[in-house]
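Next come the chains, spelled out residue by residue.
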Amino acid sequence: MPDTRRFLTADERLKQLQRDRKLLRRERMIREVAGPVWHRMVRVVPLSFEGQGRLVARVLLASREAVMEALRSEAVFAVDTAMRLAHGAGFLAVQEVQAYLAGPEPLDRLAAAGLISAEDDFDSILVRPWPGPIRLLACLVDELPPSRVVQGDYRVVTRERLGQELVGTVGPRADLFVLYEKVEGTGSSESSGSGATSSSHP
């Protein structure tokens, strides 16, 4: 059979080379501008929220606040939701609900109450590049991760784990890591921060 592969023209190769060089310059600039922040960030071990258990997506049929309130005693909130509950500011553009649950029972209860859809949503991508309905993204785990209690008696992941989840979710984004360090306080040691208490059990 004839080889039907299409080879790049000289102009296309030049454009590709220019794009690659531009990307390298941008990455180099980010590293240089970030300085010590970059070095602290790359020492963080990324943690994949969706990789910690079985990820289930349910479409919200009520407000985010109502869903979080209904899960308050059973969930450890994670990723962007944890950041917003602890500090009032998040790092994802779309405000959804991310939480760890020790089983599917809370999902059934919220569905029966009309707060979330009864069926799993087919789209369980954590950070979507396309529009879609607001969802509850629940990671079902055998044991809830270590947590701290913040204002409103919500349990959220620890400071250290939040940093790991941030890098695991958005990659090495120095601008967002600076925001995380600012709201959580400087230093690499895990602590609860002002107004929060730590807990290693649900």
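Above this note sits the structure.
The shown structure was predicted, so the numbers you read here are calculated from the model rather than taken from an experiment.

Caption draft 1: Main features of the packing of aromatic side chains. As enumerated under the stated definition, the model contains 2 aromatic pairs in all. When the centroid spacing of 5.0 Å and the interplanar angle of 70° are considered together, the rings of F49 and Y100 count as edge-to-face. Residue F49 is located in the loop between helix 2 (36-42) and strand 1 (54-59), and its partner Y100 is located in strand 3 (residues 97-101); the two are separated by 51 residues in the primary sequence. We classify F49 as buried; its relative accessible area is 0%.

Caption draft 2: Structural view of the side chain of E96. By the secondary structure assignment, E96 is in the loop between helix 4 (79-87) and strand 3. Within polar-contact distance, the side chain of E96 engages the side chain of R128 at 3.2 Å. Setting aside residues up to four positions removed in sequence, E96 forms contacts with R64, T81, L126, R128, P133, I134, R135 and L137.

Caption draft 3: View of the pattern of salt bridges. If you walk through the whole model with that rule in mind, you get 10 salt bridges. Among the ionic pairs, D120 bridges to R58, the shortest N-O distance being 2.7 Å. In this pair, D120 is assigned in the loop between helix 5 (105-112) and strand 4 (135-140) and R58 in strand 1, connecting sequence segments 62 residues apart. Among the residues examined, D120 registers a relative accessible area of 45% and is labelled partly exposed.

Parameters and conventions
Along every chain, residues carry numbers that run from 1 in the direction the sequence is written. In keeping with the predicted nature of the model, local features appear solely for residues at pLDDT of at least 70, side-chain atom pairs appear and are counted solely at 80 or more, and the whole-chain, interface and lining totals rest on all residues. The basis for every side-chain value is the complete set of non-hydrogen atoms in the structure, without hydrogens or water. Two rings from Phe, Tyr or Trp (for Trp, the six-membered ring) form a pair when their centres sit within 6.5 Å of each other. Planes less than 30 degrees apart are called stacked, planes more than 60 degrees apart edge-to-face, and all others tilted. Each helix corresponds to a stretch of at least 4 residues labelled H or I by DSSP, and each strand to a stretch of at least 2 residues labelled E; elements are numbered beginning at the N terminus. Think of it in three bands: residues with accessible area under 20% of the maximum for their type are buried, residues over 50% are exposed, and the middle band is partly exposed, with areas taken using a 1.4 Å probe on protein chains only. Under this definition, polar contacts are N or O atom pairs within 3.5 Å; protein pairs additionally need one hydrogen-donor-capable and one acceptor-capable atom, and for neighbouring residues in sequence, both atoms have to be side-chain atoms. Contacts: residue pairs with any heavy atoms within 4.5 Å of one another. The salt bridge definition used is simple: a Lys or Arg side-chain nitrogen within 4 Å of an Asp or Glu carboxyl oxygen.

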